[in-house]
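# Topology and contacts: notes
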Amino acid sequence: MALENLSKFLDPNFDMSPPTDVKFVFGNNEDSTKEVKAHKLILAFASEVFNREFYGSMESEDVIEITDSTPEVFQAMIECIYNKKPKLDKCDLGFLSSMYYLAEKYNLETLKDEIIASIPKHRISEIDLMKVANLAEENNHHQPLSDALYDVAARFYLRLVKENLEYALWLFSERNRPHADVIFNLMERINNLKKPVWFGQQTFESVYSMIKNCKDEVGLSRDTIKEHLVNTV
């Protein structure tokens, strides 16, 4: 069997495809009619977790309920196993984080590595900054994923300071007080980055020190921080 034909095995119109023998249904999904079909042997070959589930000492089931994923993310993970991979750098970072969780659950090391490698290629905007930083914190139990997400946010913030300082200072507004720990972790990550030549390291360390000392109350004075940052741009 040619490897390029493997992705066609999910196509019911492909003449050479053997019938599927396992179906995944989604109990937490509003549309209960959505399901993902696959072949036990192919999944078992790709994942030792599936191998144990289908060919272990216990009798395997033909219908398996999934409660910790959406059909869309689970389908994407299955398609990766069948060598039908999406353009990961075009996927939403939240979607990738959910797929990483599945790759961790089913011990798909190659997929995990590919997801991590794709994250630095993502471009984010001002409105995404806190969303990505919070996503990084939510996944701190998946350290490689959390690190990659924090790095994306940190590198974007460095650029934001130069291109839109007023918006960069919004990070320290009263509105973001509930995210104090996340902001501190983001600043810590920025502090560890190699700074561009235009970015005054000593100046940032002064700001970083202020944030570190006020970790539990991020309602720092924007004017005070601006005084420290303004000379860097």
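A few points on the structure. Keep in mind that this is a model prediction, so the values were computed, not measured.

Compared with an ideal rise of 1.5 Å per residue, which puts 13 residues at 18 Å, helix α9 (residues 180-192) spans 19 Å between its outermost C-alpha atoms and is within 8% of the ideal. Those residues of α9 lying buried are A180, V182, I183, F184, L186, M187, R189, I190 and N191.

This brings us to unusual backbone geometry. Of note, the phi angle at N83 is positive, near 65°, even though the residue is not glycine. Tracing the chain through its elements places N83 in the loop between α3 (71-81) and α4 (93-105). Unlike most non-glycine residues, N107 shows phi in positive territory, near 55°. Relative to the helices and strands, N107 resides in the loop between α4 and α5 (109-118).

Turning next to the environment of L171. Secondary-structure assignment places L171 in the loop between α8 (165-169) and α9. Among the residues examined, L171 registers a relative accessible area of 1% and is labelled buried. Along the backbone, L171 and I183 are twelve residues apart, and their C-alpha atoms lie at a distance of 7.7 Å.

Residue placement: A103 occurs in helix α4. Note on A103: relative accessible area 0%, which makes it buried. C-alpha of A103 to C-alpha of I78: the two residues are 25 residues apart in sequence and 10.0 Å apart in space. Leaving out residues up to four positions away in the same chain, A103 has contacts with L108, L111 and K112.

Calculation rules
Residues numbered from 1 in each chain as written. Predicted model: local features only at pLDDT ≥ 70, side-chain atom pairs only at ≥ 80, totals over all residues. Heavy atoms only, no water. Helix = DSSP H or I, 4+ residues; strand = E, 2+ residues; numbered from the N terminus. Expected span 1.5 Å × (residues − 1). Buried < 20%, exposed > 50% of the residue type's maximum accessible area, 1.4 Å probe, protein only. Contact = heavy atoms within 4.5 Å.

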